[in-house]
Amino acid sequence: MKVYYNHGIVMRDQITLRGNLYCPDCEASCPVILMRTVFRKDTLSKSWGIFDPEFYVRNGYAVYIQDVRGIGESEGEFMRFWADRQDAYDTVEALAAQPWCDGNVGMFGNFYAGFLTFQAAAAKPPHLKAICPFETHVSLNRNNDARGITMYYAHIGWCLAREVSRMLSGHYSREVTEKYLPLAKHYLENYAGLVTSFPAEKLPMKELEGVLPLVKDYFDIALPCYDDEEMIRREGRLMDLSQLEVPALLLAGWCESSRNTMIEHGDILRRCGKGNAAQSEVIIGYWKAGEPMAHGETALHIPENHFHVEGEILKWFDRWLKGKAQEGHSPFRLFDPGLDMFVELEHWNVDGEKSMTWYLDSQGHANTAGGDGILSLSPPRSLAGSDRCVYDPQNPASGCGYGEACKAGEEREDVLVYTSGILEEDIHVRGVPRLSLYASSSAQDTDFIAWIVDVDPEDNAILTGDGIVRARYRDSWEAQPLEPGKVYEFDVKVSDLVYTFKKGHRLRLEIRNSDFPKFEANRNTGIRPERDDSYQVVQNTVYHGGRGASRLILPCW
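This part is about the overall build of the protein chain. Helix and strand content of the protein chain: 10 helices and 23 strands. Counting over 557 residues, the protein chain shows a buried share of 59%. Sequence-distant contacts in the protein chain: of pairs separated by 6 or more residues, those separated by 24 or more amount to 75%. Summed over all atoms, the accessible surface of the protein chain reaches about 21500 Å², with 48% contributed by carbon and sulfur.

Attention shifts here to the nonpolar core. With 92 residues, the main nonpolar core has F118, L334, L435, F490, I511 and L554 as its most contacted residues. If one sorts the elements of this core by residue count, strand β17 (residues 447-455) sits on top with seven residues. Contacts of L334, omitting those with residues within four sequence positions, involve I263, V282, I284, M341, F342, V343, L345, W348 and V498.

Moving on, we come to the pattern of salt bridges. The final tally for this structure, using the stated rule, is 27 salt bridges. With a closest N to O distance of 2.8 Å, R412 and D414 form a salt bridge. D414 matches R412 in its accessibility class, with the two residues each being buried. R506 is the salt-bridge partner of D459, the closest N and O atoms lying 2.7 Å from each other.

Attention now moves to the side chain of S550. Checked against the element boundaries, S550 lands in the loop between β22 (538-544) and β23 (551-556). Leaving out residues up to four positions away in the same chain, S550 has contacts with W358, Y359, L360, S436, L437, Y438, V542, Y543 and H544.

A word on the pairing of strand β2 (residues 16-23). Extensive coverage of β2 is indicated by the burial of seven of its eight residues. What sits between strand β1 (residues 2-10) and β2 in their antiparallel hairpin is a turn of five residues, with Q14 showing a positive phi close to 70°.

Our next topic: helix α6 (residues 174-197). Since there are 3.6 residues in each turn of an α-helix, residues three or four apart along the chain are aligned in direction. Taking 1.5 Å of rise per residue, 24 residues should cover 34 Å, and α6 covers 32 Å from first to last C-alpha, within 8% of that figure. In α6, a bend of some 70° at Y191 exceeds every other bend along the element. Along α6, the residues classified as buried are T177, Y180, L181, A184, Y187, L194 and V195.

This part covers the packing of helix α3 (residues 84-96) against helix α4 (residues 112-123). Between α3 and α4, the least distance of the axes is 8 Å, while the angle of their chain directions is 75°. Classified by the angle their axes make, α3 and α4 are roughly perpendicular. In contact with D84, R85, A88 and Y89 of α3, α4 contributes Y112, F115, L116, Q119, A120, A122 and A123. Residues that form the contact of α3 with α4 fall into these classes: eight nonpolar, one polar and two charged.

A few words on a nonpolar patch on the surface. Together, V390, Y535 and V537 make up an exposed nonpolar region whose accessible area comes to about 240 Å². Relative to the helices and strands, Y535 resides in the loop between β21 (506-512) and β22.

The next thing to look at is the packing of aromatic side chains. One pass over the full model with this rule turns up 11 aromatic pairs. Seen in terms of ring centroids, Y56 and F108 are 5.5 Å apart; in terms of plane orientation they differ by 75°. Their pairing is edge-to-face. Placement of the pair is Y56 in helix α2 (residues 53-58) and F108 in strand β5 (residues 101-110), with a sequence separation of 52 residues. Classification of Y56 by relative accessible area gives buried; the value is 0%. Each residue in the set F55, Y56, F108 and F317 is aromatic and connected to the rest through ring pairs, giving one cluster.

Here we come to unusual backbone geometry. The backbone phi angle of D340 is positive, close to 60°, even though this residue is not glycine. You can see D340 is positioned in the loop between β9 (332-336) and β10 (341-345). In the Ramachandran plot, N524 falls in the positive-phi region, its phi being about 70° despite a non-glycine side chain. Position of N524 relative to the elements: it lies in the loop between β21 and β22.

What follows concerns the environment of K407. With respect to the element layout, K407 can be found in the loop between β13 (385-391) and β14 (415-419). With a relative accessible area of 68%, K407 lands in the exposed category. Taking C-alpha positions, K407 is 8.5 Å from N460, a pair spaced 53 residues apart along the chain. Look past the residues within four positions of K407 in its chain and what remains in contact with it is E510 and R512.

What follows concerns the confidence of the model for the protein chain. The share of residues in the protein chain with pLDDT of 70 or more is 87%, and the mean pLDDT across the chain is 86. Low confidence marks residues 231-236, where pLDDT is under 50. Its contacts with residues over four positions away, or in another chain, come to 27 contacts. Throughout residues 294-305 the model reports pLDDT below 50, and contacts reaching past four residues in sequence, or to other chains, amount to 32 contacts.

To continue, consider the environment of L17. For L17, the position within the fold is in strand β2. When the C-alpha positions of L17 and Q66 are compared, they lie 7.2 Å apart, and in sequence the two are 49 residues distant. Not counting residues within four places of it along the chain, the set of residues in contact with L17 comprises H7, G8, I9, M11, R36, Q66, D67, V68, R69, S74, E75 and D87.

Further remarks concern α4. The terminal C-alpha atoms of α4 lie 17 Å apart, and with 12 residues this matches the ideal 16 Å at 1.5 Å per residue to within 8%. By the burial criterion, the buried members of α4 are Y112, A113, G114, F115, L116, T117, F118, Q119, A120, A121 and A122. Looking one or two places after α4, you find K124, whose phi comes out positive at around 60°.

Cut-off values and rules
Residues numbered from 1 in each chain as written. Predicted model: local features only at pLDDT ≥ 70, side-chain atom pairs only at ≥ 80, totals over all residues. Heavy atoms only, no water. Helix = DSSP H or I, 4+ residues; strand = E, 2+ residues; numbered from the N terminus. Buried < 20%, exposed > 50% of the residue type's maximum accessible area, 1.4 Å probe, protein only. Contact = heavy atoms within 4.5 Å. Areas by Shrake-Rupley, 256 points an atom, 1.4 Å probe, with all protein chains shown as cover. Core = buried A, V, L, I, M, F, W, Y, C linked by side-chain atoms within 4.5 Å. Salt bridge = Lys/Arg side-chain N within 4 Å of Asp/Glu carboxyl O. Pairing = 2+ DSSP bridges. Expected span 1.5 Å × (residues − 1). Bend = angle between axes of the 7 residues up to and from the residue. Axes fitted to C-alpha atoms, helices over the stretch in contact; angles between N-to-C directions. Parallel < 35°, antiparallel > 145°, perpendicular 65-115°, else oblique. Nonpolar A, V, L, I, M, F, W, Y, C, P; charged D, E, K, R; others polar. Patch = residues over 30% accessible without salt bridge, like charges linked within 9 Å, V, L, I, M, F, W, Y side chains within 5 Å. Phe/Tyr/Trp six-rings, centres within 6.5 Å; stacked < 30°, edge-to-face > 60°. pLDDT = per-residue confidence, 0-100.

See the structure below:
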């Protein structure tokens, strides 16, 4: 293998971006696999266990890992969302023209690098033949159906981390670095507490926006504005997937929330994509985000070393960059932790082949918070049952990740828990569960979050999926405040889920009013939380029985 460090490519505006090239030590040309990263090319290559250039070089590929504009050794300012497409186009076409490239270019990457593969596909450089994005999405909001919910907690931490990296790598003058690096580090180390205490518009790190471009980028772009026409562009999808023409192999870990968008994106590409994009495929494995995809350790019993991720990537690029025929398999290969195996599906049916309806009930007594509610296949006998909880935005509930052990929440006043009896047969969930929730609030706005939990015979509880609805965005992007005390029906999408609830286990539904810091804590005032100094403690009521029968609908097969 030959390695060329800091190989430069000049962009259309004369800015030079630099990458490390790994290629076979021979004269023959070969396909190139490109990664464009914000995590610094010199330290990234082996850190995830899946991007080791040596593996691909041994199999006849060149690998090019590039620092994006303004990161690492690349010139210019980091221009998130603005320079991504043009820089990707220029890079792909420059690589295709090199004598060591045979004209075929593919891309891979996870997180932001995965997002950049979608951006490159949208730019449509002629020599880009296939992409392989991991654990990512094409919107600012990972959960595309969480209408009105922003991810600003993660955004500001992400921007601060990139700026600390840029100062450490010499992108700023000595004077700027000496003055602002300690401050940026302080805010980064304490940002979780800061976002709990301040609305985003008044965060202390705002003082850095005049000096550090990514902090300004956060307040200008990542912090949404819901009072103008830019709302949908800023929180909704940043591209129309139906216009993509290159095939994508989309990968995510079952324990990572981007599994929802990877399945959804793959479904859209297969149904609506142009050209070869309609032959896209999805693999949902059993690994955690940020861990090597060869294996993962969770509260679930998950086997190791029976799925070779690099081998699947190699087969994908062999097919599209080398024209090699591959053995047939289904386009959706999705890990079912309950069965401890992969399930292959020809298409993704959000409604399943059939459905199972579970009704919420409290058996005639007041379930005022905690774990004494039940799930039943029969509608409640009472025509007017209800359960109440109290939610204080100053004390939001913390959540857990998919596949992690979770408590039932009996100790909290803002969590309602409904549990089935012991299951008499396996329930194979395949699709998107939905909660039809009849509820009211004493405030103009609040959040309702649904958790679907698997409880084993030893009473261990595992979170399998979640979903959220912000009450005033329940029907559209236009805010519609609640009338306090009025009963509304809320449709809550609860994850794209492949999971078998086994015989002898119990099914549990938790209804929460917060899940911090995954979602911002709603202050219940009807004002965007990132702009709101005030808050209101509220009483929320869930109804069951009669025409207000709250129910969980599971898509099954």
